[in-house]
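This is what each chain is made of:
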Amino acid sequence: MGPDTRTLVQQLLKGNRRAAARLMSLAETLSPEAHTAIKQIYPHTGKAHIIGVTGPPGSGKSTLVDKLIHEFRQQKKRVGVVAVDPSSPFTGGALLGDRIRMSRFATDKGVFIRSMGSRGSLGGLAWATHDVVRILDALGKEIVIVETVGAGQAEVDIIKLAETVVLLTVPRLGDDIQTIKAGIMEIGDIFVINKADLDGADRLYVEIQTALNLGEREQSWEPPILKTVASSGEGVEELARAIQDHHTHLVESGEIKQNLERRCAAQLETIVEQSFIRKLFVQAEEREHFHQLVQKVCTRRLDPYTAAELLILRLIQPRIESDSS
Amino acid sequence: MVSEQERKIRVLVAKPGLDGHDRGAKVVARALRDAGFEVIYTGLRQTPEQVAEAALQEDVDAVGLSILSGAHMRLTEEIMKLLKERDMGDILVVLGGIIPEEDYEPLKKLGVKAVFGPGTPTSEIIDFIKSHVK
């Protein structure tokens with residue numbers, strides 16, 4: 001075993017990259033030890049501007065992130081990147097290839113890039129992505145960019161994490177109805193039409209503009225729609241400026257407080273929900289009880305709502321005997 | 001559902017140097033993925049510094065280098081040195097590609113734990129990594 005958790009955290013706070021990397025691996029185990037580390041790190045977080053970049057597979061997220069890193073480095077900002085790619089639902093393995101596009105920054109000490117497998121999480125991030133972002137924040141990164149798994153229509157967990165969400169789309173994915181569907185089209189603070197040199201970019205621009213104008217709600221922030229060609233860097237400077245503008249808007253309007261509260265609430269909810277579920281499986285006895293209830297639900301001796309109530313009751317008051325068949 | 005997870009084996013598959021043949025590296029990366037590993041693939045033409053720094057940031061358990069350019073001695077020596085400088089001298093490093101047999105021993109002296117030549121079954125590589133990571 002290497003150094004203990006406390007030592008790693010101390011090293012992290014001094015800016016040690018190796019300690020940061022090891023704490024990230026620890027965070028990914030989701031173990032009590034991992035949570036102990038995050039408890040120590042949390043007071044040192046909250047300084048980074050967290051930017052989410054999401055959009056369909058192949059839309060150019062990694063390439064765009066590479067160009068954004070460049071922009072922020074020009075401004076002398078320290079940048080962290082978390083890039084999530086899917087894990088196999090069959091083997092748990094993953095091929096994490098987002099670094100390929102960003103390898104020119106591998107040796108820039110002002111940049112730290114970490115790849116993550118989604119490890120069974122379905123919302124476009126991994127369970128531990130929040131913690132990895134916290135570690136980058138504590139490492140002193142002023143900007144943290146989170147690149148989600150290639151997202152379809154409903155992978156929207158990024159709004160629980162990022163202060164500014166950049167939603168990428170590309171021409172010719174579908175008709176205008178796609179742009180007014182619920183889900184991912186609602187989460188963009190900034191819309192980016194990447195590969196804007198392809199046919200159909202102008203039409204997509206109008207479709208998104210129309211979709212945004214269909215809403216009746218008065219919004220203090222109107223999401224800009226930008227065109228980029230990430231591979232050549234076209235439009236990226238404007239995007240970096242729009243990201244900064246969004247941050248300034250949040251600060252000046254005071255919305256940054258609600259934004260933060262919303263994200264903290266969502267994060268806390270997830271932790272409570274997941275801790276609860278995990279308790280069912282930690283002890284053999286609990287697992288056994290769970291499986292007994294599953295059997296009853298399957299054989300229609302019990303409905304799933306009652307079974308859930310029994311499970312919750314038992315977790316709150318572990319001594320209650322809940323065998324009610 | 002979130003459940004506590006075992007540490008997954010993370011492997012960096014890198015192609016240092018100037019040759020542009022990455023089919024072998026991709027075949028291995030894919031096989032390791034199917035064996036349940038998390039494979040971080042860096043792409044072509046990486047410098048030794050890029051490889052070592054990616055290994056550090058990704059906190060990998062093993063590094064697999066694919067070299068077909070003939071520059072394996074120099075590249076490997078440099079990468080091993082840079083890994084040691086980063087306190088990662090003890091991670092597993094294996095090689096694949098076109099490596100003359102007479103170089104196997106000198107490479108092992110540099111700290112490379114295995115060299116897998118053309119035709120090696122991917123299962124052999126998987127088993128080797130599984131049994132040698134710490």
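Reading guide: rules and limits
- Residues numbered from 1 in each chain as written.
- Chains lettered and ligands numbered in written order.
- Predicted model: local features only at pLDDT ≥ 70, side-chain atom pairs only at ≥ 80, totals over all residues.
- Heavy atoms only, no water.
- Pairing = 2+ DSSP bridges.
- Helix = DSSP H or I, 4+ residues; strand = E, 2+ residues; numbered from the N terminus.
- Axes fitted to C-alpha atoms, helices over the stretch in contact; angles between N-to-C directions.
- Contact = heavy atoms within 4.5 Å.
- Domains from an automatic or database assignment.
- Buried area = accessible area lost by both parts, 1.4 Å probe.
- Salt bridge = Lys/Arg side-chain N within 4 Å of Asp/Glu carboxyl O.
- Polar contact = N/O pair within 3.5 Å; in protein donor to acceptor, adjacent residues only side chain to side chain.
- Patch = residues over 30% accessible without salt bridge, like charges linked within 9 Å, V, L, I, M, F, W, Y side chains within 5 Å.
- Areas by Shrake-Rupley, 256 points an atom, 1.4 Å probe, with all protein chains shown as cover.
- Buried < 20%, exposed > 50% of the residue type's maximum accessible area, 1.4 Å probe, protein only.
- Parallel < 35°, antiparallel > 145°, perpendicular 65-115°, else oblique.

Engineer: Could you give me a rundown of the sheet that holds strand β1 (residues 10–14) of chain B, with the residues and numbers involved?
Structural biologist: Spatial strand order, β3(A)-β2(B)-β1(B)-β3(B)-β4(B)-β5(B): six strands in an open sheet with parallel pairing. Two strands bound the open sheet, and with one partner strand each, they are β3 (94–96) of chain A together with β5 (114–116) of chain B. Neighbour-to-neighbour, the strand axes of this sheet turn through a mean angle of 20°, independent of strand direction. Judged from the three bridges that link them, strand β4 (residues 92–97) of chain B and β5(B) form a sheet pairing that is parallel. For B:Val94, the partnering residue across the bridge sits in β5(B) and is B:Ala114. The sheet strands contacting helix α2 (residues 48–57) of chain B are β1 and β3 (62–67) of chain B, and the helix crosses β1(B) at an angle near 165°.

Engineer: Tell me what's going on with the domain arrangement of chain A, and back it up with residues and numbers.
Structural biologist: Residue and element names in this part refer to chain A. According to the domain assignment, chain A contains domain 1 (45–264) and domain 2 (265–324). Look at where the C-alpha atoms of domain 1 and domain 2 centre, and you get two points 36 Å apart. On the domain 2 side, the residues contacting the nine residues of domain 1 number six residues. Interface area, domain 1 with domain 2, both sides summed: about 600 Å², of which 46% is carbon and sulfur. Three residues stand out in domain 1 for area buried against domain 2, namely Trp127, Lys160 and Cys264, and they jointly supply 59% of the buried area on that side. The tally of links between domain 1 and domain 2 comes to zero salt bridges. Our count for the contact surface shared by domain 1 and domain 2 stands at 11 residue pairs in polar contact (both at pLDDT 80 or more).

Engineer: Quick one: what's the story with a nonpolar patch on the surface, residue by residue and with numbers?
Structural biologist: All names here are of chain A. Residues Leu268, Val272, Phe276, Ile312 and Ile316 make up a contiguous nonpolar surface patch of roughly 450 Å² in combined accessible area. Those elements that place two or more of their residues in the nonpolar patch are α9 (255–282) and α11 (304–316). Relative to the assigned elements, Ile316 resides in helix α11. Residue classification places Ile316 among the exposed residues on the basis of a relative accessible area of 54%.

Engineer: Before we move on, can you summarise the pattern of salt bridges with the specific residues and values?
Structural biologist: Side-chain pairing between opposite charges can occur once the charged atoms of the two side chains come close. All chains considered together, the criterion is met by 28 salt bridges over all chains. Between B:Arg33 and B:Asp34 there is a salt bridge; the shortest N-O distance is 2.9 Å. On the accessibility criterion, B:Arg33 (27% relative accessible area) is partly exposed. A salt bridge links B:Arg86 to B:Glu53, with the shortest nitrogen-to-oxygen separation between them at 2.8 Å. Here the residue B:Arg86 occupies a position in the loop between α3 (72–85) and β4, and B:Glu53 occupies one in helix α2, the gap between them amounting to 33 residues. Of the two residues examined, B:Arg86 and B:Glu53, each falls in the buried class. Each of A:Glu28, A:Arg99, A:Arg114, A:Arg119, B:Arg10, B:Glu38 and B:Glu58 takes part in salt bridges that share partners, so that together they form one network.

Engineer: Give a description of the sheet that holds strand β1 (residues 49–54) of chain A that names residues and reports values.
Structural biologist: All names here are of chain A. One open sheet holds the seven strands; their spatial order is β4-β2-β5-β1-β6-β7-β8, and the pairing between them is parallel. Each edge of the open sheet is held by one strand with a lone partner, namely β4 (111–117) and β8 (225–227). In this sheet, neighbouring strand axes are inclined to one another by 20° on average, regardless of whether the strands run parallel or antiparallel. Bridging between β1 and strand β5 (residues 143–147) involves five bridges; their strand directions are parallel. Considered in β5, the bridge of Ile50 is made with Val144. Running at roughly 165° to strand β2 (residues 79–85), helix α5 (residues 129–138) makes contact with β1, β2, β4 and β5 of the sheet.

Engineer: If you had to explain the packing of α9(A) against α11(A) to someone new, which residues and values would you point to?
Structural biologist: Residue and element names in this part refer to chain A. Two numbers describe how α9 lies on α11: the axes approach to 11 Å, and their chain directions differ by 85°. Considering their axes alone, α9 and α11 lie roughly perpendicular with respect to each other. Only Leu311, Ile312, Leu315 and Ile316 of α11 make contact with α9, whose side of the interface consists of Phe276, Lys279 and Leu280.

Engineer: Give me the pairing of β4(A): which residues, what numbers.
Structural biologist: Residues and elements named next belong to chain A. Within β4, seven of the seven residues are buried, which leaves it mostly tucked inside the rest of the structure. With burial as the criterion, each face of β4 is covered, one bearing Val111, Ile113, Ser115 and Gly117 and the other bearing Phe112, Arg114 and Met116. Pairing analysis gives seven bridges linking β2 to β4, with the strands arranged parallel. The partner of Val79 across the bridge, within β4, is Val111.

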